[in-house]
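# Analysis of the macromolecular model
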Amino acid sequence: SQYSAVDTNPLSVYIMQPIWNEIIKIVPLWIAPNLLTFSGFVMILVNYFLISFYDWDYTASGTSPGLVPTWVWLFSAFTTFCAYALDSIDGKHARRTQSSSPLGELFDHGLDSWATSIFVLSFFSVCSRDNGKTGVSVYTMYIYLSIVLFNFMCSHWEKYNTGVLFLPWGYDISQVVLIAAYLLTSAVGVEVWQKPFLFGYYITDALVILLIGFSLFLSFPQTLYNIHRAHLKKTLKNDSLYEGLLPLVSPLLLFVLLTVWVVLSPGNILAKQPRLFLWMVGVAFSNVICKVIICQMSSTRPELFHWFLFPLALVVYAAISGLLGWTEEVVLAVFTALVTAAHVHYGVCVGRQLSEHLNIYIFSLKKRVQE
């Protein structure tokens, strides 16, 4: 199917696009677009692990500000900008080199579905977790992450039904806000997040309110409106309501299972291991959404229950029933490692299959020799 995306965000159209159009001129024509996409993703990962090294349990900014060196925040701003730029020019570069392919589209959106959570998890280190005086509670972090992922899911669910990807306004705004937040932190220190800046409210409160406002009052209504408009124009991909709602079943069940674990965990797993748990949430979500993206690209039906829900349901049951006891954290760690490995393996396999099927290399513009 032909890829079509619509971007109506003024920030993107009038400010960012002209910048990308200049940056792309310096990219050599022999570089494969997927290499740009992947480089951006690797930078986000490196940055995430660097911050994790200094701030594993999200307390560095609150209890001992200065634990994370200033250069790390500068590096965060730099990597976030690079990833944002690379993610914005990969498609332009593909058209420039006439190498646009379904593989490139899947590679881009698949990595985005994972990167989305990593951006959020890196940012949590700036505001730190609640220490009684300042910071954000781990439950707020979980809700915050869920809302961002819900937004991502909506735009792809919409594309599944309409065939057109309306790029959410929140994307460009969030990237610019992230870069600004890192620069601000490197300039004045993490203390800026711990002082009320307006009417006793903290900057983090403002950001949370903005995020929820954007999601519930802008992105989600826009999605429903676009689907409704396609319905009126009779351009919907799926006639039945059941078919149209099918891709939402697994992501929503995933959210329900994870929330049950968070709320009913006897060992309070989210408070004990926020970084592990939230990472696992991001990876699991990415895997579920990748399936939806593939179904939407290949016009196939998604399965009702993603395979991953079954082992998760078992682990959640074992945890909340008290079966796991003190091993809950160990089981979470093992489970997180397995899920991450399964997701990487899945990505590699799908990439390989598509590159063989389309007769192209993932990271090179050279043509494959027909066997």
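Residues numbered from 1 in each chain as written. Predicted model: local features only at pLDDT ≥ 70, side-chain atom pairs only at ≥ 80, totals over all residues. Heavy atoms only, no water.

## Description of empty space enclosed by the protein
The condition that has to hold: Definitions used for this entry: grid spacing 1 Å over protein atoms alone; cavity, a set of points where a 1.4 Å probe fits but cannot get out; pocket, an open set with protein on both sides within 12 Å along at least 5 of 7 lines; lining residue, one with an atom within 4 Å of a point. Grid points are joined across faces, edges and corners, and a volume is the space filled by probe spheres set on the points. Only runs of H or I of at least four residues qualify as helices and only runs of E of at least two qualify as strands under DSSP, and these elements are numbered from the N terminus. Ten residue types, Ala, Val, Leu, Ile, Met, Phe, Trp, Tyr, Cys and Pro, are classed as nonpolar, four, Asp, Glu, Lys and Arg, as charged, and the remainder, Gly among them, as polar.
Summed over the entire model, instances satisfying the criterion amount to four cavities of 30 Å³ or more. The space that makes up the largest cavity amounts to roughly 90 Å³. What lines the largest cavity is Leu 246, Pro 247, Ser 250, Pro 251, Val 288, Lys 291, Val 292, Pro 302, Glu 303, Leu 304 and His 306. For the lining of the largest cavity, the secondary-structure elements that each account for two or more residues are helix H9 (241-264) and helix H11 (274-298). Top element by residues in the lining of the largest cavity is H9. It accounts for four residues. For the lining of the largest cavity, the class distribution of residues is seven nonpolar, two polar and two charged.

## Details of the layout of surface pockets
Think of a ball as big as a water molecule: rolled over the atoms, this probe shows where empty space is left. Roughly 500 Å³ of internal volume is contained in the second largest pocket. If you trace the second largest pocket, you find 23 residues lining it, with Phe 107, Leu 111, Val 344, Gly 347 and Val 348 closest to the centre. Those elements that place two or more of their residues in the lining of the second largest pocket are helix H2 (33-54), helix H5 (102-127), H11 and helix H13 (328-357). Here the residues of the lining of the second largest pocket are counted per class, giving 18 nonpolar, four polar and one charged.

## Some points on the UniProt feature "transmembrane region" (unreviewed entry) in the protein
Rules: UniProt positions are given in the numbering used here, feature names are shortened, and annotations may be inferred rather than shown by experiment.
In the numbering used here, UniProt assigns the feature "transmembrane region" (unreviewed entry) to residues 26-50, 70-86, 136-154, 197-220, 241-264, 276-294, 306-324 and 330-348. For the annotated span residues 26-50, helix accounts for 72% and strand for 0% of the residues, and the straight-line distance between the end C-alpha atoms is 29 Å. Helix makes up 75% of residues 197-220 and strand 0%, and the two end C-alpha atoms of the span are 30 Å apart.

## Concerning the nonpolar core
Under the convention used in this document: Among buried residues, those of type Ala, Val, Leu, Ile, Met, Phe, Trp, Tyr and Cys that are joined through side-chain atoms within 4.5 Å constitute a nonpolar core. Here the term buried applies to any residue with accessible area under 20% of the maximum for its type, exposed to any over 50%, and partly exposed to those in between, with areas from a 1.4 Å probe on protein chains only. Only heavy atoms matter for contacts: two residues are in contact if any of them lie within 4.5 Å across the pair.
Ranked by internal contacts, the top residues of the largest apolar core, which has 99 residues, are Phe 123, Leu 254, Trp 261, Phe 277 and Leu 312. The residues touching Phe 123, leaving out its near neighbours within four places in the chain, are Tyr 144, Leu 178, Ala 181, Tyr 182, Trp 193 and Leu 207.

## Remarks on the packing of aromatic side chains
Note the threshold: Working definition: rings of Phe, Tyr and Trp (its six-membered ring) pair if their centres are within 6.5 Å, and the pair is stacked with planes under 30 degrees apart, edge-to-face with planes over 60 apart, and tilted otherwise.
Tallying each qualifying case throughout the model produces 25 aromatic pairs. Between the aromatic rings of Trp 73 and Tyr 182, the centroid separation amounts to 6.2 Å while the plane-to-plane angle is 15°, which identifies the pairing as stacked. Separated by 109 residues along the polypeptide, Trp 73 in helix H4 (residues 70-96) and Tyr 182 in helix H7 (residues 169-188) bring together distant segments of the chain. Since its relative accessible area comes to 3%, Trp 73 is described here as buried. Classification of Tyr 182 by relative accessible area gives buried; the value is 1%. Ring geometry for Phe 308 and Phe 335: centres 5.8 Å apart, planes at 20°, overall stacked. Pair noted here: Phe 308 is in the loop between H11 and helix H12 (309-320) and Phe 335 is in helix H13, with a separation of 27 residues, a long-range link. Among the aromatic residues, ring-to-ring pairing joins Phe 41, Tyr 48, Phe 49, Trp 114 and Trp 279 into one connected group.

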